[in-house]
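# Inside the fold
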Amino acid sequence: MKYFQEKGDQYKLELLEGFKGQSITLYKQGAFTDLCRGTHVPSTGFLKFPKLLSIAGAYWRGDSNRQVLTRIYGIAFPKKQMLEDFIKMREEAEKRDHRKLGKELELFMISQTIGGGLPVWLPNGTLVRRLLEEFLRNELIKRGYQEVITPHIGNLNMYRTSGHYPYYADGMFPPIKFTDETGREEEYLLKPMNCPHHHQVYSSKPHSYRDLPIRLAEFGSVYRYEQSGELSGLSRVRGFTQDDAHIYCTHEQLKAELVNAIDLTQLVFKTFGMEVKTRLSFRDPANKEKYAGDDAMWDQAEREIQEVAEEMGLDYFIGIGEAAFYGPKFDFIVRDAIGRKWQLGTVQVDYVMPERFELEYVGNDNAKHRPVIIHRAPFGSMERFLSILIEHYAGNFPFWIAPVQVSVLPITDDQIPYAQELTKRLTDLGYRAKLDDRAEKVNRKIAESEQKKVPFALVIGKKEVESGQVAVREHGVGDKGAMSVEAVLEVFAGLKNA
RNA sequence: GCCACUUUAGCUCAGCGGUAGAGCAACGGUUUUGUAAACCGUCGGUCGUUGGUUCAAUUCCGACAAGUGGCUCCA
């Protein structure tokens, strides 16, 4: 301790205060001696090929009320080739950045005139989104969900009842206050989540145990005031749409419903081939004031979640302090192109809101009972899901969700009528085909089709018109030669659904 | 919100104490073309905003805004 006093290192001294009575380790490198739990490399000589990556401010001991230290990030490899590979990998990752590809492929935009963190879905992005919604909606129908639509604002008192307002006022846009024509003051909140609205749907009529489970789904747009420094492309925004649903069930049904909800989430990740980590998000018992509900409720809910995880054979880890204030949850976490982790899907158990909103059902004992609520969103947010999807595919969307699926490219004006006829035929069959009838060289048309990452280009020249064929070029593969139109349609039919 | 950096044409980017330049795109022509970008011409910018220093600021300094990388937060 004396050593660090002489050095005037207040930070290490503070750490030492906390370590009183414990053994500590010091590492030495030349004239530099560091207090660290370890492990350090024995000597900087082991760092053969270093590169400094970035510099950033970081709060001392992770506390935003304390001073900011400058943190320098760097990496070192034992071999030069490994460093070069690493740099190359990073460059490749940057090419996948959804903000870059989102612009190039005209999927979305963010306009400062509209507002930061408020993404606009351009026609191409909207197409992808609608296809994702359609995919999920089909599953919801199979799984007994009912869709609802609720307003974008709600009375502030509803959020006082739910407890969201006291907990998250900082993370919401400030209330809309006004006095109506009778002189009564009202306060509304731009909705930061859909839950309380759905609870109102549930309690709009009495329920029998025979009705349960009731599964209410909505692609619900919500607005949250994220800190300005947190905004990032489509990953972290102030306005987004959750593929939300709330399942109201009896306690006996809880586990089966959790399994169903997790199964749906896994279907989503499997469909898109995404690698996902499952986190069981539990409360931090040392911080009980951050959570609603009593110990017995939390212990039970966490136990149930873990049992389901075990029974389903999920490969999971536990995140202490990651729970919602009303209950523990399963969170499904994926990485973006540069390795940052984002939560996409979530499945949450909630015993608190049924109490707060006095939700009821009549059991077979003719007595009133509280249902349990499962909150779940397999995509999480459509915006964030798209950001991951773009980076996952590097913009090369599979056929079924590609905004444009087929480019039809006549070589000269003579082939335009044939090309128009083919385009119409494809469009009539429900394919998203685009005719490029400009007076450009076919090389140019192909280049642009490839840059837009259109899965197929159908080149039509004199030969194809004469033989009633098309020359097929597959994105990322190349020229596949001439095929009959029928054969092409067969290929497309095979790719139509997922 | 905090720390650092960045902000020049629709896009990607040069440049600089003496009021700006390229490629692509757009537009007008010419070209009718066989698997990744034909040719010629035209248009296009109060150099993020706002103060200051200076004879003179897009350039230097400050503030603000937005973006980027982190931190904190994330129902």
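Let me begin by describing the structure that accompanies this report. (Residues numbered from 1 in each chain as written. Chains lettered and ligands numbered in written order. Predicted model: local features only at pLDDT ≥ 70, side-chain atom pairs only at ≥ 80, totals over all residues. Heavy atoms only, no water.)

## Remarks on the sheet that holds strand β12 (residues 239–249)
Two strands in a sheet stick together by hydrogen bonds in their backbones, pointing the same way (parallel) or opposite ways (antiparallel). Rule in force here: Note on pairing: DSSP must find at least two bridges between two strands before they are called paired. Only DSSP runs of H or I reaching four residues or more are called helices, and only runs of E reaching two or more are called strands; each is numbered from the N terminus. Note on definitions: a residue-residue contact is assigned when non-hydrogen atoms from the two residues lie within 4.5 Å. To define axes, lines are fitted to C-alpha atoms, for helices over the stretch in contact only, and angles between the resulting N-to-C directions are given on a 0 to 180 degree scale.
Strand order in the open sheet formed by eight strands is β7-β11-β12-β19-β16-β15-β13-β14, with mixed pairing between adjacent strands. Since the sheet does not close on itself, it has two edges, and those belong to β7 (146–147) and β14 (316–320), each with one partner. Relative to strand β19 (residues 372–377), strand β16 (residues 341–350) runs antiparallel, the two sharing five bridges. Considered in β19, the bridge of Asp350 is made with Ile373. Strands in contact with helix α5 (residues 123–142) are β7, β11 (214–223), β12 and β19; relative to β11, the strand with the most contacts, it is inclined by about 160 degrees. Most of the contacts of helix α9 (residues 254–272) go to β16, to which it runs at about 165 degrees, and overall it touches β11, β12, β15 (329–335), β16 and β19.

## Some words on a nonpolar patch on the surface
Cut-off, in case you're wondering: Residues with no salt bridge and a relative accessible area higher than 30% make up the patches, which join like charges within 9 Å and nonpolar side chains (Val, Leu, Ile, Met, Phe, Trp, Tyr) within 5 Å. Only the protein chains shown count as covering a residue, and every accessible area follows the Shrake-Rupley method with a 1.4 Å probe. When a carboxyl oxygen of Asp or Glu is within 4 Å of a side-chain nitrogen of Lys or Arg, the pair counts as a salt bridge.
Residues Val41, Phe46 and Leu47 make up a contiguous nonpolar surface patch of roughly 280 Å² in combined accessible area. Mapped onto the secondary structure, Leu47 falls in the loop between β2 (32–35) and β3 (49–59).

## Things to note about the sheet that holds strand β9 (residues 176–179)
Strand order in the open sheet formed by three strands is β8-β10-β9, and the pairing between neighbours is antiparallel. Two strands in the sheet have a free side with no partner beyond their single neighbour: β8 (153–155) and β9. Going across the sheet, the axis of each strand differs from the next one's by a mean of 30 degrees, ignoring polarity. Looking at chain direction, β9 and strand β10 (residues 185–190) are connected through four bridges and run antiparallel. What sits directly across from Phe178, in β10, is Glu186.

## Digging into the protein's contact with RNA strand B
Our working rule: Each residue is tested against the molecule or strand, and it is near if at least one of its non-hydrogen atoms lies within 4 Å. Any pair of nitrogen or oxygen atoms within 3.5 Å is treated as a polar contact; in protein, a donor-acceptor pairing is required on top of that, and neighbouring residues in sequence qualify only through side-chain atoms on both sides. Basically, the charged four are Asp, Glu, Lys and Arg, the nonpolar ten are Ala, Val, Leu, Ile, Met, Phe, Trp, Tyr, Cys and Pro, and anything else, Gly included, counts as polar.
Around RNA strand B, the surrounding shell holds 54 residues, and the nearest of these are Tyr59, Ser228, Glu230, Arg444 and Gln451. When atoms of RNA strand B within 4 Å of the protein are split into backbone and base, the sugar-phosphate part holds 47%. Residue Ser228 places a side-chain N or O atom 2.2 Å away from a phosphate oxygen belonging to RNA strand B. Between Arg340 and RNA strand B, the recorded distance is 3.1 Å, taken from a side-chain N or O atom to a phosphate oxygen. At the level of elements, β3, β4 (68–77), α4 (98–104), α7 (164–168), α14 (442–451), α15 (462–467) and β23 (469–474) are the ones that each hand at least two residues to the surface near RNA strand B. Ranked by residues supplied to the surface near RNA strand B, first place goes to α14 with seven residues. Split into classes, the residues belonging to the surface near RNA strand B amount to 20 nonpolar, 16 polar and 18 charged.

## Focus on the pairing of strand β20 (residues 406–410)
To be explicit about the condition: Remark: exposure states derive from per-residue accessible area (1.4 Å probe, protein chains only) relative to the maximum for the residue type, with buried under 20%, exposed over 50%, and partly exposed in between. When the strands point away from the viewer and the connection leading from the first strand across the helix to the second strand turns clockwise, the crossover is called right-handed.
Across the five residues of β20, five count as buried, placing the element largely inside the fold. Of the two faces of β20, the one carrying Val406, Val408 and Pro410 and the one carrying Ser407 and Leu409 are both buried. Bridge count for β20 against strand β21 (residues 433–435) is three bridges, and the pairing is parallel. Pairing of Ser407 across the sheet is with Lys434, part of β21. For the crossover that starts at β20, traverses helix α13 (residues 416–428) and ends in the parallel β21, the hand is right-handed. Here β20 runs beside strand β22 (residues 456–460); their pairing, made up of five bridges, is parallel. Each bridged residue has a counterpart across the sheet, and for Ser407 the counterpart in β22 is Ala457.

## Concerning helix α8 (residues 195–202)
Among the eight residues that make up α8, six are buried, leaving the element largely enclosed by the rest of the structure. Residues Cys195, Pro196, His197, His198, His199 and Tyr202 constitute the buried set of α8.

## Notes on the nonpolar core
In plain terms, the rule: To form a nonpolar core, buried Ala, Val, Leu, Ile, Met, Phe, Trp, Tyr and Cys residues must be joined to one another through side-chain atoms within 4.5 Å.
In terms of nonpolar packing, the biggest core is built from 84 residues, with Phe272, Phe330, Phe385 and Phe397 touching the most fellow members. The element contributing the most residues to this core is α9, with eight residues. In this structure Phe385 touches Leu132, Val268, Phe269, Phe272, Met274, Leu344 and Phe379, once residues within four positions along its chain are discounted. Counting residues in each nonpolar core, the second largest holds 18 residues, with Phe399, Tyr431, Val488 and Phe492 among its members.

## Notes on the side chain of Glu218
Note on placement: Glu218 falls in strand β11. Glu218 gets classed as buried once you look at its relative accessible area, which sits at 5%. At a separation of 2.7 Å, a polar atom in the side chain of Glu218 contacts the main-chain amide nitrogen of Thr150. If we skip the residues at most four places from it in the chain, Glu218 touches Val148, Ile149, Thr150, Lys191, Asn194, His198, Gln242, Asp243 and Asp244.

## Things to note about the packing of aromatic side chains
For clarity, the threshold we go by: We call Phe, Tyr and Trp rings a pair once their centres come within 6.5 Å, taking the six-membered ring for Trp, and we label the pair stacked below 30 degrees between planes, edge-to-face above 60, and tilted otherwise.
Under the defined criterion, the tally for this structure stands at 23 aromatic pairs. Seen from their ring centres, Phe399 and Tyr431 are 6.0 Å apart, and the 55 degrees between their planes marks the pair as tilted. Of the two residues, Phe399 is situated in the loop between α12 (382–393) and β20 and Tyr431 in the loop between α13 and β21; the sequence distance between them amounts to 32 residues. Each member of the pair, Phe399 as well as Tyr431, is classed as buried.

## Topic: the state of the cysteines
Put simply, the rule is: Pairs of cysteine sulfur atoms within 2.5 Å are identified as disulfides in what follows.
Applying the stated criterion across every chain yields a total of zero disulfides. For the unlinked cysteine Cys195, the closest cysteine sulfur is that of Cys249, found at 15 Å.

## Some details on helix α16 (residues 485–495)
Quick reminder of the rule: The directions from the helix axis to the C-beta atoms are what the arc is built from.
Those residues of α16 that fall on the buried side of the exposure criterion are Val485, Val488, Leu489 and Phe492. The buried side chains of α16 occupy one side of the element, clustering within an arc of 100 degrees when seen end-on. Away from its buried face by more than 90 degrees, α16 exposes Glu490 and Gly494. For α16, the elements touching its buried residues are β20, α13, β22, β23 and β24 (478–484).

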